[in-house]
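Here are the chains, one letter per residue:
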Amino acid sequence: MGGKSGRHAVVTGGNGFVGSHLVRRLLDRGDEITVFDSAPPQPLAGPGAERVRHVVGDLRDAAALGRAIDPGVDVVYHLAAVVGVDRYLSRPLDVIDVNFMGTRNVLDLAHAANAKVVLASTSEVFGKNPAVPWDEDGDRVLGATSSDRWSYSSSKALAEHATFAFARQYGLNATIVRYFNVYGPGQRPAYIVSRSIHRALNNRSMVVYDQGRQTRCFTYIDDAVAGTILAADHPGSCGQVFNIGSMVENTVGEVVRLISELTGVDTVVDVDTAQKLGRSYEDLPRRIPNSAKARAVLGWECRTALRDGLVKTIEWARAADWWLDLPDTGAE
Ligand SMILES: NC(=O)c1ccc[n+]([C@@H]2O[C@H](COP(=O)([O-])OP(=O)(O)OC[C@H]3O[C@@H](n4cnc5c(N)ncnc54)[C@H](O)[C@@H]3O)[C@@H](O)[C@H]2O)c1
């Protein structure tokens, strides 16, 4: 597709779920890309693959990161992070070091290179604020620091603070996007949509917690990527944060029923979390963004209906044997 755009982007976490889709989209519009990731490079199919350079390294290693973010870079999409409940329970210190100190390294280098930064943040920064839908400047309501569950929220919030501080103190051209329950092809089977599809296609029962009464706003990967690129390109995004999330609220039970209908697997096991996981387990009853700002400023809309996104994801998964063979990392 198209010729070279003349833009040079760095994508940290470019081997991950969101990052790999972003890389594909940037390649399609002609960008030169450097992927910085601690995981080994993944072979890229399709046109433009020769425009991707890989730097393998850890975000905490500023020298390694400096081999990716150099003065020729126009924009850094900073997506690399320790993500997922299973990981922030098993690697609580890495969550803080990578998500905060790694971001600090990205900001230092991007500032020196005079590059724009787009920080991928999360709806988790709002914690358990009951006042949904959440505006960008909604309050953060969190639990105790003795619960590792909240370290991800705090590490990402500190990364946001540092990004705003660089923008105000040093004039760094930076913007923040907060994703809400992104799903789609290639996601690790550790989240409600990916895990349910993974289990259903492996002929295993799907699992819901507390009868699946919690609600979420599910955002298809293509929409999340579109919002990320709009935030990078739009001159009005500087120093701003945007909620990038569908505003359609579904219960987890509804989503699992849809997956059941689309895959033909209808066994669902219900976990009573109070009994099985103890009182320290905390779930959020509702998580809803107000994404009107992204619409007004960036012209972003969540275009993919949940059913359509699930159909695409299931179709992809049926043909992805390597993905179906991955271990299921969720708690039962
Ligand atoms: N997927 C979602 O629903 C969602 C929701 C909210 C926010 N986010 C944010 O979006 C970003 C991408 O998430 P994802 O779902 O693609 O996660 P992912 O786990 O699929 O990808 C993260 C990538 O970062 C890399 N990485 C991790 N630690 C690193 C380190 N120390 N140095 C270098 N690379 C490292 C990993 O190898 C991986 O390729 C993250 O910043 C996450 O916080 C995602």
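Residues numbered from 1 in each chain as written. Predicted model: local features only at pLDDT ≥ 70, side-chain atom pairs only at ≥ 80, totals over all residues. Heavy atoms only, no water.

Student: Explain the overall build of the protein to me, please; I cannot follow it from the model alone.
Tutor: Helix and strand content of the protein: 12 helices and 13 strands. Taken over C-alpha atoms, the radius of gyration comes to 19 Å for the protein, in line with the 20 Å a tight globule of 332 residues would show. In terms of overall dimensions, the protein has C-alpha extents of about 55 × 45 × 35 Å along its principal axes. Across the protein, the fraction of contacts at a sequence separation of at least 24, relative to all contacts at a separation of at least 6, is 78%. Per element, the accessible surface of the protein, about 14,600 Å² overall, is 52% carbon and sulfur. For the protein, the centre of its 36 positive side-chain charges and the centre of its 39 negative side-chain charges are spaced 1 Å apart. (Helix = DSSP H or I, 4+ residues; strand = E, 2+ residues; numbered from the N terminus. Rg over C-alpha atoms; globule rule 2.2 N^0.38 Å. Contact = heavy atoms within 4.5 Å. Areas by Shrake-Rupley, 256 points an atom, 1.4 Å probe, with all protein chains shown as cover. Lys, Arg positive; Asp, Glu negative; His and termini not counted. Charge placed at Lys NZ, Arg CZ, Asp CG, Glu CD.)

Student: Whenever I open this one, the pattern of salt bridges confuses me. Can you help?
Tutor: In a structure, side chains of opposite charge can pair up when their charged atoms sit close to one another. Taken as a whole and assessed by the stated rule, the structure comprises 21 salt bridges. The closest approach of N and O atoms between Asp 86 and Arg 188, which form a salt bridge, is 2.9 Å. Remark: Arg 188 occurs in the loop between strand E7 (182–183) and helix H6 (192–201) and Asp 86 occurs in helix H3 (residues 85–90); sequence separation between them is 102 residues. Classification of Asp 86 as partly exposed rests on a relative accessible area of 24%. For Arg 104, the salt bridge identified is with Asp 108, shortest N-O distance 3.4 Å. Of the two residues, Arg 104 and Asp 108 both sit in helix H4 (residues 92–113), four residues apart, roughly one turn of that helix. Residue classification places Arg 104 among the partly exposed residues on the basis of a relative accessible area of 37%. Residue classification places Asp 108 among the partly exposed residues on the basis of a relative accessible area of 32%. Look at the salt bridges and you will find they share partners, linking Arg 7, Arg 29, Asp 31 and Asp 233 into a network. (Salt bridge = Lys/Arg side-chain N within 4 Å of Asp/Glu carboxyl O. Buried < 20%, exposed > 50% of the residue type's maximum accessible area, 1.4 Å probe, protein only.)

Student: Help me out: how do you make sense of the packing of aromatic side chains in this one?
Tutor: The relation between two aromatic rings is expressed through the spacing of the ring centres and the mutual angle of the planes. This structure, assessed with the given rule, holds nine aromatic pairs. Centroid distance Phe 166 to Tyr 170: 5.2 Å. Interplanar angle 65°. Geometry classified as edge-to-face. Within this pair, Phe 166 and its partner Tyr 170 are both found in helix H5 (residues 151–170), separated by four residues, close to a single helical turn. Given the relative accessible area of 45%, Tyr 170 is considered partly exposed. Considering the side-chain rings of Tyr 183 and Phe 218, the 6.5 Å spacing of their centres and the 80° angle between planes classify their relative orientation as edge-to-face. Pair noted here: Tyr 183 is in strand E7 and Phe 218 is in the loop between strand E9 (215–216) and strand E10 (219–220), with a separation of 35 residues, a long-range link. For Tyr 183, a relative accessible area of 1% puts it in the buried group. Linked through ring pairs, Phe 126, Trp 134 and Phe 180 together constitute an aromatic cluster. When the ring centre of Trp 150 is taken as reference, the NZ or CZ atom of Arg 149 above it lies at 4.3 Å. Lys 293 extends its terminal NZ or CZ atom over the ring of Phe 242, reaching a point 5.0 Å from the ring centre. (Phe/Tyr/Trp six-rings, centres within 6.5 Å; stacked < 30°, edge-to-face > 60°. Lys NZ or Arg CZ within 6 Å of the ring centre and 35° of its normal.)

Student: Please explain the sheet that holds strand E3 (residues 52–56) as it appears in this structure.
Tutor: Whenever strands of a sheet pair, they do so through backbone hydrogen bonds, lying parallel or antiparallel. Here we have seven strands laid out as an open sheet, ordered E3-E2-E1-E4-E5-E6-E11, and parallel in their pairing. Edge positions in the sheet fall to E3 and strand E11 (241–244), since each of these pairs with one other strand and no more. Each strand axis lies, on average, 20° off the axis of its neighbour in the sheet, ignoring direction. One ladder, built from four bridges, connects strand E4 (residues 75–78) with strand E5 (residues 116–122); its direction is parallel. Bridged to Val 76 within E5 is Val 117. Those strands touched by helix H1 (residues 17–28) are strand E1 (8–12), strand E2 (32–37), E3, E4 and strand E6 (174–179), and its axis lies near 170° from that of E1. On top of the sheet, helix H7 (residues 221–233) reaches E4, E5, E6 and E11; it is set at about 165° to E6, its chief contact. (Pairing = 2+ DSSP bridges. Axes fitted to C-alpha atoms, helices over the stretch in contact; angles between N-to-C directions.)

Student: Can you walk me through the site of the ligand in this structure?
Tutor: Around the ligand, the structure places 26 residues, and the nearest of them are Val 18, Asp 37, Leu 79, Tyr 152 and Lys 156. At 3.0 Å from an oxygen atom of the ligand is found a main-chain nitrogen or oxygen belonging to Val 182. For the ligand, the accessible surface in isolation is 830 Å², of which the surrounding protein chains cover 90%. Contributing elements (two or more residues each) for the shell around the ligand: H1, E5 and H5. Of all the elements, E5 adds the most residues to the shell around the ligand, at three residues. Looking at the shell around the ligand residue by residue, the class counts come to 13 nonpolar, nine polar and four charged. (Near = heavy atom within 4 Å. Polar contact = N/O pair within 3.5 Å; in protein donor to acceptor, adjacent residues only side chain to side chain. Nonpolar A, V, L, I, M, F, W, Y, C, P; charged D, E, K, R; others polar.)

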